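Here are the chains, one letter per residue:
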Amino acid sequence: MTVALETVGLGKSFGALQVTRDVHLSLAAGDRHALIGPNGAGKTTLVNLMSGALAPDQGQVLLAGRDITTLSQARRVKQGLARTYQINQLFADLSVLENVVISLSERAGAGWNPWRRSSANSAVIDEAVVILAQLDLQDHALSLVRELPYGRQRLVEIAMTLAQRPSVMLLDEPAAGVPSAESHIILDVIAALPDHIAVLIIEHDMDIVFRFATTITVLVAGAILAQGSPADIANDEQVQAVYLGDGGDV
Amino acid sequence: MTEHYQTARHFLRERERWRWPEALPWLAIVAAFFIVPDYLALGTQIVIAIIFALSLDLILGYAGIITLGHAAYFGAGAYATGMLSAHLGWGEPISAMLFGGIIGGLAGFISGWVLLRYHGLTLLMLTLTTAILMQETANAAEEWTGGFDGLVGISIWPLLGTFDYDLWGKTYYCFAVVVLLVCFLVARTIVHSAFGRSLVGIKGNVERMHGVGTPVHGRLVTIYTISAAMAGVAGGLFAESNAYVTLDVLSFSRSGVVLIMLVLGGTGRLYGAFVGTAVYMTLEDELAKLSPEFWEFGIGLLLVVVVLFFRRGLLGALEDLRVRRS
Amino acid sequence: MGQVANAAIVILFDGVAYGMLLFIMSVGLSITMGLMGFVNLAHGGFAMAGGYVLVSLMVGLGVPFIAALVLAAVFVAVLSIPFERYLYRRLYEADELDHVLLSIGLVLMATAAITFIYGPSAVSITVPDYLNGQVDLGFGTFPAYRTFTIGVGGLLILGLWYGFEGTIIGAKIRAAVDNRRMAQSIGINVDRLFVIAFALGSGLAALGGGLAIEIIGMEPTFALTYLVFFLIVVAVGGLGSIRGAFVAALLLGLIDTAGKYLWPDGGAFFIYAVTITILLIRPLGLFGRA
Ligand SMILES: Nc1ncnc2c1ncn2[C@@H]1O[C@H](COP(=O)(O)OP(=O)(O)OP(=O)(O)O)[C@@H](O)[C@H]1O
Ligand SMILES: [Mg+2]
């Protein structure tokens, strides 16, 4: 199996606070990998380092074997590495449709063209309609993102990333803040992601993690505590001691 | 599926459709030519200020770049055009104005490349001090710019070799209006393009734009350069129509006034530049004659009221009124 | 040789006096901008108000200089409270553009109002005899008034240092500058803190405005003319840093004085060049923290 994304000895500190410590993590193509750990463990920071939102102090990030450590976030996205945000990062005052269109125009390379009307790009509109349908958002296409229920907004968050046609997706707590009655919609979407995409998902709900993941990495205080199949992790005494001890849902 | 496609397409087109109220400012501009021919000199200055405010709207209203130094590019254009004539003897109005635009754009590109990596107060201070630095430079380079006394000796040839400068300023009014029309069409095209929408995205949420692979700095520098070039064109026109350039073209107060005019009309809607500028300059012309203090106090008060209660400017307030009615 | 040394001393002394004056007028802006994040372009308006109130007190009511100075500062401090409560406060959550616009509007109104009341030309006062002429400081004689200004600035630094490091309210302000939400969550009444800091800052500006009449003059355009300098002191020094404001003000005073003395035509050039360079290298200012 080819390695889609790999980090080598990644380290990051904020002042005196060491948030990422010597993290080696690798995602194979088509992987379903869960990253778990208590609040403040440094999971989001790790995603920021991988996606290029933050520069690491030590170590490298490799995408399909190529060193991308010094590339900008935009370059990484162009090479197939896309992420969602734990807290919605959307254009709240624009329609759902246009959120997706902006993302798609960017991927289609239209973002540099100041002369062509954005609405004249039928390929982009076409694809936007497809993506919205795929996420069951077609009836909300014309609503402002701000007016959408939170659960739907989380779907838009995923749509923005899907529009980039990534080979690796980093999902930072995609169902965070969504009432449990609605979270299954999001999980169904994630479960239905194409097989060739490697997915790293950060999630606190252990039921979801164990249902979804083929590999689990446990991050505690910035360092990897354990890594392995769900069965390995469930039986790992260290993990149980520091993490799963109190009943599963952290 | 096709039905959804049609709806989506229609929805996106709706925003950029020409609407009949858009004809109003242009009708007013044409009507002014016939109705108040005595005021065409003022009219020309208003049209030039509209071009300048429009250029600011591109970066402030669309890309969300807050600047206190936009006069830097207006002034660069004015001096470029003026010096071309005063020192090199070239007075062909169209090319001289375009030269002002090029120099303004160049200044915008260089300063934008450096400054647009910064944000918030730092960016505010950097734009402010850059413009003042340019003003001080112009002041010190007396041999070239005339320093404090201003640049004299600008002589502009007849437009298209035929229409000479007339006492009533008809020629320059028409010239300025045509330039405004071109600038407006350029601006309107830009803001409705994918490029323009990416600027709106940057203004709305930079984080997300990085996340969808937008080279944010490059986009900002590009629109900044376009805007600076447009400001430079306005400056060039200004130099030609007055045949005189002083340090005032680079001043903080010019940067401030253009900001006030734009905000008064409403940012991020192109026509805000028209309305705000026309209202500001007409009022100024009338009131400042009566009592400068009264005018200054009034504009200050208006600004405070607009910021607190009508943040979307006069056009925004009109829009709200219409929405509430229906 | 002696002439060069003399010139150097004059520049140094005038520069420090001017720097102190700028410090007194800007330090309040640094505190309020650090605390509330409000880009207040109208800060100079409070300095100007101080200057004109001082003139009214001395010329109109015959109040002695020192007493008038203190009274003017107190008066403006109190006067500034409704501005904070009813205008500034409404825009704390808004972005810099709104701050800039509101405060430009206020400056314009202040300028117009002062012109209307006092007329457009510069005003002057008669300072008491002991502040006229020269004083002998042992190592040389210096203009008495500038020496006095430096002295006031020095006292102020000591006072502020004690106020911020040694009192509860100072500790609270420091905590709120560092992290407003955290301060709020441990029960600090941030709203009240804002009022106090704003009034203090405006009062200090007014004190500076009163002192400024004899050094840089006072006319209705004062607030607009010196606005850029105040902002530079704050931005170069670093938001909310008293030490930063002090260093930046001295730097500005010295460079400006030296520049004008040595190269009258382009002297102001230096300040802006230095400011831009510092901000490019240290976007948060010399003593600013993220
Ligand atoms: N920009 C920053 N500056 C300083 N400290 C930071 C920054 N970003 C994160 N931290 C700190 O780093 C630590 C890890 O944060 P991070 O957001 O990566 O945790 P997390 O595992 O995603 O937590 P959660 O489950 O709550 O999302 C926290 O203590 C946080 O306060
Ligand atoms: Mg997180």
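The structure presented is a predicted model; accordingly, all values stated were derived computationally and were not measured.

### Some details on the sheet that holds strand β2 (residues 17-28) of chain A
All names here are of chain A. If you walk across this open sheet you meet the 4 strands as β2-β1-β4-β5, and the pairing is antiparallel. Each having just a single partner strand, β2 and β5 (66-67) make up the two edges of the open sheet. Inspection of the sheet shows strand β1 (residues 3-14) paired to strand β4 (residues 58-63) by 5 bridges, in the antiparallel sense. What sits directly across from leucine 5, in β4, is leucine 63.

### Comments concerning the interface of chain B and chain A
With 36 residues of chain B at the interface, the matching set in chain A holds 43 residues. Between chain B and chain A the total buried area reaches about 3,400 Å² when both faces are included, carbon and sulfur atoms providing 64% of it. Ranking the residues of chain B by area buried against chain A places Leu12, Arg208 and Val212 of chain B at the top, with a combined share of 19%. One can count 5 salt bridges joining chain B with chain A. In this structure, arginine 219 of chain B engages glutamate 106 of chain A in a salt bridge whose closest nitrogen and oxygen atoms are separated by 2.7 Å. Connecting chain B to chain A are 17 residue pairs in polar contact (both at pLDDT 80 or more). A per-element tally of the side of chain B that touches chain A places helix α1 (residues 2-16) of chain B first, with 10 residues.

### Thoughts on the confidence of the model for chain C
Per-residue pLDDT for chain C averages 90, and the proportion of residues at 70 or more is 99%. Interface predicted TM-score (ipTM) for the complex: 0.91; the corresponding pTM is 0.93.

### Quick word on the site of ligand 1
Residues and elements named next belong to chain A. Around ligand 1, 13 residues are found, and the nearest of them are Gly40, Lys43, Thr44, Thr45 and Gln86. At 2.9 Å, a backbone N or O of glycine 42 approaches an oxygen atom of ligand 1. For ligand 1, the protein covers 60% of the area, taking 630 Å² as the surface of the free molecule. Elements represented by at least two residues in the shell around ligand 1 include exactly β2 and α1 (43-51). Element by element, the count of residues in the shell around ligand 1 is highest for α1, at 3 residues. A per-class count over the shell around ligand 1 returns 4 nonpolar, 7 polar and 2 charged.

Definitions and limits used
Residues numbered from 1 in each chain as written. Chains lettered and ligands numbered in written order. Predicted model: local features only at pLDDT ≥ 70, side-chain atom pairs only at ≥ 80, totals over all residues. Heavy atoms only, no water. Pairing = 2+ DSSP bridges. Helix = DSSP H or I, 4+ residues; strand = E, 2+ residues; numbered from the N terminus. Contact = heavy atoms within 4.5 Å. Buried area = accessible area lost by both parts, 1.4 Å probe. Salt bridge = Lys/Arg side-chain N within 4 Å of Asp/Glu carboxyl O. Polar contact = N/O pair within 3.5 Å; in protein donor to acceptor, adjacent residues only side chain to side chain. pLDDT = per-residue confidence, 0-100. Near = heavy atom within 4 Å. Areas by Shrake-Rupley, 256 points an atom, 1.4 Å probe, with all protein chains shown as cover. Nonpolar A, V, L, I, M, F, W, Y, C, P; charged D, E, K, R; others polar.

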